[in-house]
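Now for the letters of each chain:
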Amino acid sequence: MEIQKQSKQQQQEEFALASVTELASSSTSSSRSDSQSAPVIARFSAGNGVAVLRFNRDSESTDSISVDVKTAQLSKLGPLQSVCIAEASGADTGKEKYSTGVTVQFRNEEESRAFHCAFEQWKKKDIVQGTLLPNGAVTSFKSKFEDKIEPSSAKMYFHYYGQLLHQQNMMQDYVRTGTYYAAVMENRVDFIDRVVVDVGAGSGILSLFAAQAGAKHVYAVEASEMAEYARKLIAGNPSLGERITVIKGKVEEVELPEKADILISEPMGTLLVNERMLESYVIARDRFLVPNGKMFPAVGRIHMAPFSDEYLFVEIANKALFWQQHKYFGVDLTPLYGSAFGGYFSQPVVDAFDPRLLVAPTISHDLDFTEIKEEDLYEIEIPLKFVASVGTRVHGLACWFDVLFNGSAVQRWLTTAPGAPTTHWYQLRCVLSQPLYVMAGQEITGQLRMVAHNAQSYTIYLTLSAKMWGPGAEQGGILQTSSCKLDLKEPYYRMSQPQAYAMAQDQQPTPANTHTGDD
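Bear in mind that the values here come from a model prediction, so they are computed numbers and not experimental data.

J.: Could you clarify how one ought to interpret the pattern of salt bridges in this entry?
T.: When the charged atoms of two side chains with opposite charge come close together, those side chains can pair. For the coordinates displayed, the defined rule picks out 22 salt bridges. A salt bridge links R494 to E315, with the shortest nitrogen-to-oxygen separation between them at 2.9 Å. Of the two residues, R494 sits in the segment after strand 27 (492–493) while E315 sits in helix 11 (residues 310–319), which places them 179 residues apart along the sequence. Note that E379 and R449 form a salt bridge whose closest N and O atoms lie 2.7 Å from each other. You can see E379 sitting in strand 20 (residues 379–387) and its partner R449 sitting in strand 24 (residues 443–453), a full 70 residues away along the chain. Three or more residues are tied together by salt bridges with common partners; here these are D309, E315, D351, R429 and R494.

What follows is the structure, given as structure tokens:
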């Protein structure tokens, strides 16, 4: 990807394109007679209160096609070609607006992906009089949360966490709840006579822990209907409840009477970042926490390693066999086989797996909640580099996370690692539809890229490559590469499935008792 210019404040961003051709307008009086088929510059910028995309023949040209990013739609026509449709105004038309469309030709697929990603991010930006809103700022008409999150997703999210059964599911994760309790009680020195804000308080259990540890006052901020249950639970524990105030609302919108010495929260989702609550945690830090205040947790760490699991690979691949039927009630289903196959491999697998399936030492990526900016969570890129421990087929990348409670007295980690006591987060695996073949000592490289979307989750882009090994490897290149795109919002929950590696040979089903008919 070639980005010609990108300011530190993300006020302007430019991409070099192969070509841009304007489509014919439905209004002949306002259509442009020329087409920009020569190499052009696409520039995103913030001006006059809106995010604007302009296509120029070069970076200095004033002859341009200009579109409002907020109202524009960008769709792919192919790997290297897209179409952008929007209401626009040209430099030669003054204030007159018209419906316009342009086809955009990219030089390679990486630049196409980068441009689409930038388009979606500029579409989400908060811009007031040409200036991006600072972290945590709340406009008088629309909160930052509402502007970046799809309303239907937010509605389902708050409905889910507004139910006691889901709170019970989390509270009964004794690894999770017990670790939080230990981290707070072992660090009473951090809580005694301190003001605490519980971000996304849920049932209020963490607020009650903070009060037990001697907090002067706790503000429990909860946006869902669970706030009413929290009030009831806290009122039922009056010795603690007299120091807890439940505030119903989003941390992006509510106001508190005083600053906090400590933030406590459980903002982690699958793969740490799912549900995008880490952004709310960071916004709460910027809005409410005193300088050098404590955060429980303070650091998140994503761990990654390649894995080999033939049983899982075959299980996923076999799901699409249904679509290979040529005479399903007289209908040939095979035209959809390829789409179904790709769809099953676009689902991250959430389960608890045996760590013996890992085929290389792990690497990790840290997110420091005390320092990270909200915008840094919009897109996370992690370079990957492993050395295979064994010769095998690599079926994908396994991931899990830890968080650190960096108390003044005791540092305590909460881990979701394979082989450790299982949590309700389990682990996550990204499975490649085309496995890699590696030998012991061979280097595996690639990238894990996670791009936030407005359904409160991330699109995952994974690439793994096997490099040449043995004598002369330093002069060699890439032997194999495999990539996949997955939606973290739509995982395959496999927790109830029996794990093949745990099944003894004499437990394997025999042909006599194996059902082979169509279901």
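Here the narrative resumes.
J.: It is not clear to me how the confidence of the model for the protein should be interpreted in this structure. Could you clarify?
T.: For residues with low pLDDT, the predicted coordinates do not support detailed interpretation. Residues at a pLDDT of 70 or more form 81% of the protein, whose mean pLDDT is 84. Note on residues 1–10: pLDDT is under 50 here. Beyond four places in sequence and across chains, it has 25 contacts. A low-confidence stretch, residues 127–141 (pLDDT under 50), is modelled with 38 contacts involving residues beyond four sequence positions or located in other chains.

J.: Is there a simple way to think about the sheet that holds strand 13 (residues 217–222) in this case?
T.: Sheet strands line up and pair through hydrogen bonds in the backbone, either parallel or antiparallel. What the five strands build is an open sheet, ordered 14-13-12-15-16; its pairing is parallel. Of all strands in the sheet, those with a lone pairing partner are strand 14 (244–248) and strand 16 (289–296), marking the two edges. Strand after strand, the sheet turns through a mean of 25° between neighbouring axes, direction not considered. Of the strand pairs in this sheet, strand 12 (residues 195–199) and strand 15 (residues 260–265) are connected by four bridges, and their pairing is parallel. Along strand 15, the bridge assignment pairs V196 with I262. Of the strands in this sheet, strand 12, strand 13, strand 14 and strand 15 touch helix 7 (residues 205–212), which is tilted by about 175° from strand 13.

J.: Looking at this structure, how should I read the pairing of strand 15?
T.: Within a regular beta strand, the side chains point alternately toward one face of the sheet and then the other, so they alternate between its two faces. The element strand 15 is largely enclosed, with a buried count of five among its six residues. Alignment of strand 15 against strand 16, held across four bridges, turns out to be parallel. Following the sheet pairing, A260 is matched in strand 16 by L289.

J.: What exactly am I supposed to notice about the sheet that holds strand 24 here?
T.: One open sheet holds the four strands; their spatial order is 20-24-25-26, and the pairing between them is antiparallel. Because the sheet does not close on itself, it has two edges, and the strands there are strand 20 and strand 26 (478–487). Going from strand to strand, the sheet's axes swing by 15° on average, the running direction of each strand aside.

J.: Teacher, can you tell me more about the packing of aromatic side chains here?
T.: In the structure shown here, the tally under the stated rule is 21 aromatic pairs. Arranged with centres 6.5 Å apart and planes meeting at 70°, the rings of F44 and F119 form a pair that is edge-to-face. Within this pair, whereas F44 is found in strand 4 (residues 40–47), its partner F119 is found in helix 1 (residues 109–124), the two being separated by 75 residues in sequence. Look at F119 and you get buried, because its relative accessible area is 0%. Relative to Y328, the ring of F322 lies with its centre 5.3 Å away and its plane at 70°, an arrangement referred to as edge-to-face. Judged by relative accessible area, which is 31%, Y328 ranks as partly exposed.

J.: Got a minute to help me understand the environment of T463 in this structure?
T.: Following the sequence through the fold, T463 ends up in strand 25 (residues 457–467). Separated by 21 residues in sequence, T463 and C484 place their C-alpha atoms 6.7 Å apart. Not counting the four nearest positions on each side in its chain, T463 is found in contact with L384, T445, G446, Q447, T481, S482 and S483. Among the polar contacts made by the side chain of T463, one reaches the side chain of S483 at a distance of 3.1 Å.

J.: Is there a simple way to explain the environment of L397 in this structure?
T.: For L397, the position within the fold is in strand 21 (residues 392–406). Placed 90 residues apart in sequence, L397 and F307 show a C-alpha to C-alpha distance of 6.0 Å.

Calculation criteria
- Residues numbered from 1 in each chain as written.
- Predicted model: local features only at pLDDT ≥ 70, side-chain atom pairs only at ≥ 80, totals over all residues.
- Heavy atoms only, no water.
- Salt bridge = Lys/Arg side-chain N within 4 Å of Asp/Glu carboxyl O.
- Helix = DSSP H or I, 4+ residues; strand = E, 2+ residues; numbered from the N terminus.
- pLDDT = per-residue confidence, 0-100.
- Contact = heavy atoms within 4.5 Å.
- Pairing = 2+ DSSP bridges.
- Axes fitted to C-alpha atoms, helices over the stretch in contact; angles between N-to-C directions.
- Buried < 20%, exposed > 50% of the residue type's maximum accessible area, 1.4 Å probe, protein only.
- Phe/Tyr/Trp six-rings, centres within 6.5 Å; stacked < 30°, edge-to-face > 60°.
- Polar contact = N/O pair within 3.5 Å; in protein donor to acceptor, adjacent residues only side chain to side chain.

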